[in-house]
Amino acid sequence: MLLAAGVAIGAAVMIGVRRMPPAPAATPATLAGRGGDLVVSMRTEPASFNRLTRRDASTELVSILTQAKLVRVNRASQAVEPWLATSWTRSADGLHYTLALRPDVAFSDGQPFTADDVVFSFAAAYDDRTSSVLADSLQANGRKLTVAALDAHTVVVTFPEPFGPGVRILDNLPIFPRHKLQAALAAGTLARAWDLKTPPAEIAGLGPFVLSEYLPGQRLVFVRNPKYFLRDDRGTPLPYLDRITVEIIPDQNAEMLALEAGQTDMTTDAMRPEDYAPLHRAADAGRVRLLDLGVSYDADSLWFNLKPGAFAQDPRASWIQRDELRRAISMAVDRKRFADTVFLGAGVPVFGPETPANREWFSADVPQTPYDPAGARALVASIAGGQSPRFTLLTQKGRTSLERGSAIIRDELQKIGVVVDVVPLDGNALIQRFVSGAGYDAIYFRAAATDTDPALTPDFWFSFGSAHMWNIAEKTPATQWEREIDTLMAKQIASSDLQERKRLFVEVQRIFAEHQPAVYFAAPRVFVASSSRVVNNAPALIRPQLLWAPDRVAVAGAARPTH
Amino acid sequence: MLSYLARRLIFAVFLVFAVSSASLVLVRLAPGDYATESLGIAAHADTAAQTRRRFGLDRPFAEQYRDWIVRAVHLDFGRSMAYDRPVSDLIPERAANTAVLAFTALAMATLIGLPLGIITGSRRSGLLPDLIRIVSVTLLSMPPLLTSLFLVFLAARTGWLPIGGMGGSPDAAGGRFLDVVRHLVIPAAALAMPLAAMFERMQSQAMSETIGQPFVMAALARGVPRSRVVWRGALKAALRPVTSIYGLVIGTLLSGSFAVEMITSWPGLGRLMLDALRARDVYLVAGCAAAGSVFLAAGTLVSDAALALVDPRAAE
Amino acid sequence: MIGQRLGIALVVLSCAAAGGAPILAPHGVNDHFDALLNAPPTLPHVQDDGGGWHAPFIYPWRLADQLEQRYEQDRSVRVPLLWLRGGRFVASADEQQSPLLLLGADSFGRDVFSRLLFGARTSLSLSLVAAFGAMIIGCAIGGIAGYAGGLTDDLLMRASDFVIVLPAMYVALALRSVLPLVLEPRTVFVLLAAIFAIVGAPFIARGVRAIVRTERRLDYAVAAASLGAGHLRLLGRHLLPAGRGFVAVEITMLIPAFIVAEATLSYVGLGFPEPIASWGTMLHDASNIRAFADFPWLLSPAAAMFALVLGLNLVVQDRRPERWH
């Protein structure tokens with residue numbers, strides 16, 4: 001049933017693409033055969049096979065292919081689906097969730113999966129000596145969850161306080177094999193476990209595939225996990241594919257050429273706007289399928305350093321942190337022109353952190369800043385107090401959308417009498433200046449959200465959060481409106497009534513729009529491409545767009561010829 | 001001779017030490033560290049602090065450096081943070097891949113560039129030398145990034161050759177060896193083309209200078225056939241400049257090329273170095289730089305020996 | 001010597017283009033046309049479709065597909081060219097809607113031809129200054145090492161090896177972090193020229209050392225020394241000139257390398273601030289498969305570099321080998 005929903009959404013998305021050639025896309029999912037293999041390209045190598053310590057996209061992909069979780073957020077429909085847990089109930093006070101685990105499930109090495117593995121995985125994620133990157137994303141309002149095994153196939157997850165998104169948060173925790181890693185956790189060496197030298201046979205998982213070969217700098221080969229527990233609705237054991245080869249192609253141009261030439265089947269990231277034309281030609285020739293997934297969840301944004309006292313010794317202190325400056329910037333930029341130049345027209349204007357793609361949480365009721373250069377000029381003049389405003393805008397070198405976007409911001413602000421010195425830095429230098437909190441005026445960057453549910457991105461909204469860009473990790477809210485957002489968000493997270501949560505969140509977005517601590521201009525449309533023999537795609541807007549549910553991906557026709 | 005070698009060896013060891021130490025200092029001076037790289041912009045302060053502690057990045061630099069030296073003496077060059085593997089493990093693996101590429105490219109460049117340089121240098125004008133000269137200049141004025149991208153683009157559009165990677169899969173048509181050879185063509189050509197052009201230009205200049213010298217003039221005046229003078233007499237003297245930089249070329253080739261290895265997905269040392277630089281992977285950067293200096297020291301030794309062979313007057 | 005004259009002509013032409021950029025370029029370095037991103041060149045015509053003759057004019061481009069960046073020529077409109085107006089040598093009569101794009105537009109909709117001319121100023125001056133610096137340092141080190149021999153030779157050569165192996169990118173990164181965020185173009189110029197001169201010098205030093213070493217033992221040098229020529233005089237007047245040809249060829253190779261390297265260093269933030277044009281960054285921005293497939297005019301800086309390097313080569317190569325002893 002869930003599969004059908006995924007396919008329906010996938011099909012709806014495909015219809016959106018202009019001049020789609022008649023392709024085997026029409027093949028119903030249920031007709032997709034079992035077998036075949038897939039070649040996928042990825043630009044960076046995984047840093048480790050241990051998802052506990054790494055959060056790079058490549059390690060994440062290895063985890064997606066080889067591990068399973070209690071629940072899975074359907075990345076296409078945003079619904080929470082059962083996975084290792086078959087069902088769950090919530091206690092009356094909303095604090096305890098009792099999850100029934102799927103019986104008769106075994107790890108890829110044959111060891112049975114039990115509630116102990118769930119308890120172990122939580123312990124591993126929260127372990128101090130491991131300092132797992134997963135710990136950050138397993139917090140309800142900044143506090144840890146607890147878990148207990150009732151019997152071999154039942155666990156109780158307890159939240160420290162009522163938590164609106166509920167079990168959705170469990171999508172952040174892959175289940176690790178206790179029998180393989182228990183010793184490392186006890187010895188405090190878990191962070192070092194499953195490094196890239198680990199023989200593939202040592203890495204046991206519950207996911208649809210198992211790692212069979214790793215050639216450093218070249219490729220990873222994954223083969224079907226025969227112990228994988230899911231079946232499709234016709235009873236065919238999943239995954240459909242026999243093998244997935246991940247080729248490491250560091251250059252994006254080469255990646256696109258490989259896809260176009262049929263040497264790979266898909267990429268693990270969205271394509272750049274400039275790749276659209278060549279891939280469209282390849283699609284017209286029937287070699288690839290091009291999918292327009294609609295507007296992205298994330299947009300680049302500009303924020304100022306709002307840390308109190310950051311400009312204490314600076315004559316610009318009288319205006320640089322004022323709300324009016326940011327409002328003027330927001331008014332000065334023609335968002336249509338912005339989308340046309342930066343995304344070649346494949347983008348839409350946005351006015352806040354939630355883009356229209358986030359159907360559940362985006363609200364059209366939130367005020368949108370009009371394009372009004374004359375008003376912006378007057379506003380700037382009113383606060384500048386005779387100074388001619390000038391600031392530096394840091395951005396990351398080498399990312400086209402950032403480089404172009406900052407150039408347009410510079411041009412548009414020049415028209416209202418504000419001089420912007422765009423300084424492109426390498427990513428590390430940029431982050432270093434940002435984290436230190438004192439080394440910058442303003443930054444133009446993209447900090448991608450990890451979840452569409454605002455309750456699962458607390459670090460952005462709360463003043464104590466680490467992704468509260470304009471003033472990170474405040475001890476107490478620096479402004480009255482940040483305090484208000486904190487209060488509203490705390491309520492929003494604690495509520496389990498979806499309508500109430502939406503209402504509160506619109507309120508939060510209103511306050512945000514009024515003060516615009518981060519200014520947003522446009523969000524791109526997301527395009528992905530795959531070879532035309534790939535079927536069953538339920539593409540998602542976030543990475544890996546075509547591979548978030550690898551167990552359901554299939555290929556049409558015979559096994560691919562070797563090249 | 002033995003003392004000469006010993007002195008070279010001492011200097012080589014010193015060079016390796018100086019280069020890797022300087023790299024450590026430079027990585028330290030560059031903004032950001034491995035924690036900012038791996039955790040990104042929204043990292044929790046505690047997580048970042050824990051990561052730093054785990055990799056020992058929170059200790060004073062003097063202490064880190066002392067530890068590194070003590071371990072390096074025992075041939076333990078630390079552990080790469082980005083790859084979570086010992087540096088001494090990673091480098092040989094990639095260096096071998098780069099060496100395959102480097103020697104293929106060097107052979108191609110030498111076999112093509114030197115003879116062409118002799119032709120253009122010994123003949124003043126004519127269609128052939130002009131053509132060779134124009135091709136050389138074209139190759140020299142193309143950035144390596146563009147040359148490799150263009151070759152990959154050609155490979156993709158014609159479908160004649162694989163686009164990237166090193167191949168070597170045993171089930172490929174023609175077996176493992178042939179598969180590697182097929183994958184080798186594009187990156188080796190991308191490296192060899194500008195190199196061949198460089199050899200051609202240098203050899204050409206040296207050749208035309210040598211031919212103007214009295215001993216060649218005298219030989220010609222004595223009635224020795226021109227081709228014999230060119231290919232025997234003048235050539236030996238004219239090899240001097242190319243020989244003198246041959247060591248540098250070997251050294252830099254073995255350290256790997258960022259642009260070529262990136263674009264053609266060749267899993268070599270250049271790519272490893274670039275990744276290490278980006279990730280602020282301190283010990284891996286130092287290791288790569290050390291490897292580069294070993295290659296360079298070896299290369300210059302070879303080229304000095306060759307120089308002595310070509311031109312005994314240059315020997316000690 | 002036809003070759004040499006052609007060579008001089010090419011070099012002079014490059015320099016003249018750079019010098020005359022403000023007049024010769026139809027547009028400023030940052031003028032951009034939002035509706036003409038990656039638009040093809042507008043070639044001047046003198047004959048319309050009906051066969052009628054006119055003063056030079058252009059046909060404007062109209063956007064056919066924004067995302068694919070396809071343009072169609074509007075053959076119904078003739079836009080005349082204006083000569084010697086407003087301080088420009090030539091420009092289109094309708095600058096806003098249909099600008100004169102002799103070499104098309106780049107991905108920001110800026111005129112590639114104008115940027116090529118302005119970029120010539122940056123790239124030529126930087127690479128020439130840096131090459132000159134590299135020559136001075138390289139000859140000094142190579143000359144002394146080759147002349148003195150022994151420990152001095154070893155020390156100097158190992159120092160130059162050190163420079164070659166040191167990851168230059170990190171030097172740039174470290175430098176960047178201690179410098180102020182906003183750098184004046186002049187500061188960037190001096191910094192880059194200094195870095196390039198130092199990085200390029202070892203290549204020259206190595207060859208010069210080999211040449212000086214050999215020449216030192218030749219009869220004429222021994223004779224000069226026995227006649228009481230001082231070390232400096234011997235080195236400067238007799239030995240170094242023997243390396244002239246080698247150094248000249250090295251320089252013709254270093255110049256294009258420096259032009260390209262400027263783009264690499266701008267990657268770590270040590271480049272000229274936007275919108276200053278340079279051939280290196282123009283080419284770097286064009287390093288994309290679409291430049292080969294759809295927008296070949298973006299590669300015109302490579303053609304310009306070719307002309308320059310060919311010119312330099314012809315000048316160097318066709319110099320009759322002089323008799324220096």
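The rules we used
Residues numbered from 1 in each chain as written. Chains lettered and ligands numbered in written order. Predicted model: local features only at pLDDT ≥ 70, side-chain atom pairs only at ≥ 80, totals over all residues. Heavy atoms only, no water. Phe/Tyr/Trp six-rings, centres within 6.5 Å; stacked < 30°, edge-to-face > 60°. Helix = DSSP H or I, 4+ residues; strand = E, 2+ residues; numbered from the N terminus. Buried < 20%, exposed > 50% of the residue type's maximum accessible area, 1.4 Å probe, protein only. Lys NZ or Arg CZ within 6 Å of the ring centre and 35° of its normal. Contact = heavy atoms within 4.5 Å. Buried area = accessible area lost by both parts, 1.4 Å probe. Salt bridge = Lys/Arg side-chain N within 4 Å of Asp/Glu carboxyl O. Polar contact = N/O pair within 3.5 Å; in protein donor to acceptor, adjacent residues only side chain to side chain. Pairing = 2+ DSSP bridges. Axes fitted to C-alpha atoms, helices over the stretch in contact; angles between N-to-C directions. pLDDT = per-residue confidence, 0-100. Lys, Arg positive; Asp, Glu negative; His and termini not counted. Nonpolar A, V, L, I, M, F, W, Y, C, P; charged D, E, K, R; others polar. Patch = residues over 30% accessible without salt bridge, like charges linked within 9 Å, V, L, I, M, F, W, Y side chains within 5 Å. Areas by Shrake-Rupley, 256 points an atom, 1.4 Å probe, with all protein chains shown as cover. Parallel < 35°, antiparallel > 145°, perpendicular 65-115°, else oblique. Left-handed = near helix turned anticlockwise from the far one by under 90°.

The geometry of an aromatic ring pair comes down to the distance between the two centres and the angle between the two planes. Taken as a whole, this structure holds 32 aromatic pairs over all chains when the rule is applied. On the numbers, 4.9 Å between centres and 55° between planes, the contact of Y276 of chain A with F527 of chain A is tilted. Of this pair, Y276 of chain A sits in helix α6 (residues 276-284) while F527 of chain A sits in strand β21 (residues 522-531), and the two are 251 residues apart along the sequence. As far as the burial class goes, Y276 of chain A and F527 of chain A line up, both buried. When the ring of F434 of chain A is compared with that of Y440 of chain A, the centres are 6.1 Å apart and the planes differ by 50°; the resulting orientation is tilted. For the residue pair F434 of chain A and Y440 of chain A, the accessibility class agrees, reading buried in each case. Between R399 of chain A and the ring centre of F445 of chain A, over which it is positioned, the NZ or CZ distance is 5.4 Å. Sitting over the ring of F108 of chain C, R404 of chain A keeps its end group 5.8 Å from the ring centre.

Residue and element names in this part refer to chain C. Residue position: A21 is located in helix α2 (residues 21-24). Between the C-alpha atoms of A21 and F89, which are 68 residues apart in sequence, the distance is 9.9 Å. Apart from the residues within four sequence positions on either side, A21 is in contact with L117, F118 and R121.

All right, on to the interface of chain B and chain C then. With 65 residues of chain B at the contact, the number on the chain C side is 59 residues. Both faces considered, chain B and chain C share a buried interface measuring about 5,500 Å² in area, 71% of it formed by carbon and sulfur atoms. Our count for the contact surface shared by chain B and chain C stands at one salt bridge. Put simply, chain B and chain C have three residue pairs in polar contact (both at pLDDT 80 or more) between them. Residue assignment for the side of chain B that touches chain C shows that the elements contributing at least two residues are α1 (2-29), α6 (127-140), α7 (144-158), α8 (175-211), α11 (240-255), α13 (269-279) and α14 (282-310) of chain B. Sorting elements by how many residues they give to the side of chain B that touches chain C places α1 of chain B first, with 11 residues.

Here we come to the sheet that holds strand β17 (residues 390-396) of chain A. All names here are of chain A. Ordered in space as β18-β17-β19-β15-β20, the five strands form an open sheet in which the pairing is mixed. Two strands lie at the open edges of the sheet, namely β18 (419-425) and β20 (518-520), each paired on one side alone. For this sheet, the mean inter-axis angle between neighbouring strands, taken without regard to orientation, is 25°. Relative to strand β19 (residues 442-445), strand β15 (residues 301-304) runs antiparallel, the two sharing four bridges. Looking at β19, one finds that F304 is bridged to A442.

Take the confidence of the model for chain A next. Residue and element names in this part refer to chain A. Averaged over all residues, the pLDDT of chain A is 87; the fraction at 70 or higher stands at 93%. Contacts from residues 1-31, a stretch scored under 50 in pLDDT, to residues over four places away or in other chains number 46 contacts. Of the regions scoring below 50 in pLDDT, residues 558-563 engages in 11 contacts with residues more than four places distant in sequence or in other chains.

Further remarks concern the side chain of D251 of chain A. Inspection of the secondary structure puts D251 of chain A in the loop between β12 (243-248) and α5 (252-260). Despite its burial, D251 of chain A pairs with no opposite charge; the closest candidate is R272 of chain A, at 6.6 Å N-O. If we skip the residues at most four places from it in the chain, D251 of chain A touches R43 of chain A together with L149, M262 and I263 of chain B.

Taken together, the contact pairs 47 residues of chain B with 45 residues of chain A. Each partner contributes to the roughly 3,900 Å² buried at the junction of chain B and chain A, and carbon and sulfur atoms together form 51% of this total. Taken together, chain B and chain A are joined by seven salt bridges. As a salt-bridge pair, D195 of chain A and R79 of chain B come within 3.0 Å of each other at their nearest N and O atoms. Taken together, the links from chain B to chain A amount to 13 residue pairs in polar contact (both at pLDDT 80 or more). Of all elements in the fold, only α2 (34-39), α3 (45-54), α5 (87-122), α7, α12 (258-263) and α13 of chain B reach the threshold of two or more residues within the side of chain B that touches chain A. Along the lines of polarity and charge, the residues of the side of chain B that touches chain A split into 22 nonpolar, nine polar and 16 charged.

A separate point is the sheet that holds strand β8 (residues 146-151) of chain A. Residue and element names in this part refer to chain A. The antiparallel open sheet is built from four strands, whose spatial order is β4-β5-β9-β8. What marks the edges here is a single partner per strand, and that holds for β4 (85-90) and β8. Taking the axes of each pair of neighbouring strands and ignoring which way they run, one obtains an average angle of 25° across the sheet. Bridge count for β4 against strand β5 (residues 96-101) is five bridges, and the pairing is antiparallel. Looking across to β5, one finds that W88 is bridged to L99. Seen against the sheet, helix α3 (residues 115-126) touches β5, β8 and β9 (154-158) and runs at an angle of roughly 170° to β8.

On to the environment of D33 of chain B, then. Its location among the elements puts D33 of chain B in the loop between α1 and α2. D33 of chain B sits in the buried class, given a relative accessible area of 17%. When the C-alpha atoms of D33 of chain B and R8 of chain B are compared, they prove to be 36 Å apart, with 25 residues separating the residues in sequence. Setting aside chain neighbours within four positions, we find D33 of chain B in contact with N428 of chain A together with R52, L57, A279 and R280 of chain B. Within polar-contact distance, the side chain of D33 of chain B engages the side chain of R52 of chain B at 2.6 Å.

Turning our eyes to something else, we now look at a nonpolar patch on the surface. Together, I23, L24, W83, L84 and F89 of chain C give the surface a local cluster of nonpolar side chains, amounting to about 500 Å² of exposed area. Going through the elements one at a time, α2 and β5 (79-85) of chain C are the ones with two or more residues in the nonpolar patch.

It is worth spelling out the packing of α5 of chain B against α14 of chain B at this point. Residue and element names in this part refer to chain B. Packing of α5 against α14 leaves a shortest axis separation of 10 Å and a crossing angle of 45°. Regarding the angle of α5 to α14, the classification is oblique. Crossing of α5 against α14: the hand is right-handed. In this structure, α5 uses V87, L90, I91 and A95 to contact α14, whose residues at the interface are Y283, L284, G287, C288, A291 and F295.

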